[in-house]
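Structural description and commentary
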Amino acid sequence: MTDGTYNGWSNYETWRINLEMFDGFEPSDYLDGHNLSDEDGKEKATDYLTDVLSSLAAFDIEMECPNRSGFAYDLAMSFLSKVDYREIAEHMVDDVAAELV
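Keep in mind it's a predicted model, so treat the numbers as computed, not measured.

1. Here's the deal with the overall build of the protein
On a plain count of helices and strands, the protein comes out with five helices and zero strands. Secondary structure elements of the protein, listed N to C terminal, follow the sequence α-α-α-α-α. For the protein, the C-alpha atoms occupy an extent of roughly 45 × 30 × 20 Å along the three principal directions. Across the 101 residues in the protein, those meeting the buried criterion constitute 36%. Considering only contacts within the protein whose residues lie at least 6 apart along the sequence, 67% involve residues at least 24 apart.

Written out as structure tokens, the structure reads:
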């Protein structure tokens, strides 16, 4: 189930990583100083948060597989490569912006 949409997300990998790694994640902790009142500010915040989420997910896997090798590590990294972190970040930025209104 890696092609098409899944539970409203672009694919299974994006849905699963959002659910498993970012449920309870507080994006506002990372968005201080970003202006979310206009589209340009939201775009910059989304770019930044996309990088943060991608790094956090990779770090999580690297902590589980500290030697960064082997079949399980390769599978996990392949799975992460299919995640649309921007989609997750857009949802988070929109949620934080809505709370500010």
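2. Here we look at the nonpolar core
One finds Phe22, Leu49, Leu53 and Tyr85 to be the most contacted residues of the largest nonpolar core, which totals 25 residues. Secondary structure elements with two or more residues in this core: α1 (12-22), α3 (39-64), α4 (71-81) and α5 (85-100). It is α5 that provides the largest number of residues to this core, a total of seven residues. What Leu53 contacts, discounting residues up to four positions off in sequence, is Phe22, Phe25, Tyr85, Ile88, Ala89 and Met92.

3. Description of the packing of aromatic side chains
With the rule as written, the count across this model stands at six aromatic pairs. For the pair Tyr6 and Tyr12, a centre-to-centre distance of 5.1 Å together with 90° between the ring planes defines the contact as edge-to-face. Ring pairs connect the aromatic residues Tyr6, Tyr12, Trp15 and Phe79, which therefore count as one cluster.

4. Examining α1
Those residues of α1 not exposed but buried are Glu13, Thr14, Trp15, Ile17, Asn18 and Phe22. Residues of α1 that are buried sit in contact with α3, α4 and α5. N-cap assignment for α1: the residue whose side-chain oxygen lies 3.3 Å from the backbone N of Glu13 is Asn11. Where α1 terminates, the next one or two residues include Gly24, which has phi positive at roughly 90°.

5. Structural notes on the side chain of Lys42
Relative to the assigned elements, Lys42 resides in helix α3. The class for Lys42 is buried, based on a relative accessible area of 18%. Contact partners of Lys42, with chain neighbours within four places excluded, come to Asn35, Leu36, Val93, Asp94 and Ala97.

6. Remarks on the pattern of salt bridges
Oppositely charged side chains are able to pair whenever their charged atoms sit close together. The final tally for this structure, using the stated rule, is eight salt bridges. Asp40 serves as the salt-bridge partner of Lys44, at 3.4 Å between the closest nitrogen and oxygen. With a gap of four residues between them, Lys44 and Asp40 both fall in helix α3, about one helical turn apart. Of the charged contacts, one joins Glu90 and Arg86 as a salt bridge, the two residues approaching to 3.6 Å between their closest N and O atoms. With Glu90 and Arg86 both in helix α5, this residue pair falls four residues apart, about one helical turn.

Cut-offs applied
- Residues numbered from 1 in each chain as written.
- Predicted model: local features only at pLDDT ≥ 70, side-chain atom pairs only at ≥ 80, totals over all residues.
- Heavy atoms only, no water.
- Helix = DSSP H or I, 4+ residues; strand = E, 2+ residues; numbered from the N terminus.
- Buried < 20%, exposed > 50% of the residue type's maximum accessible area, 1.4 Å probe, protein only.
- Contact = heavy atoms within 4.5 Å.
- Core = buried A, V, L, I, M, F, W, Y, C linked by side-chain atoms within 4.5 Å.
- Phe/Tyr/Trp six-rings, centres within 6.5 Å; stacked < 30°, edge-to-face > 60°.
- Polar contact = N/O pair within 3.5 Å; in protein donor to acceptor, adjacent residues only side chain to side chain.
- Salt bridge = Lys/Arg side-chain N within 4 Å of Asp/Glu carboxyl O.

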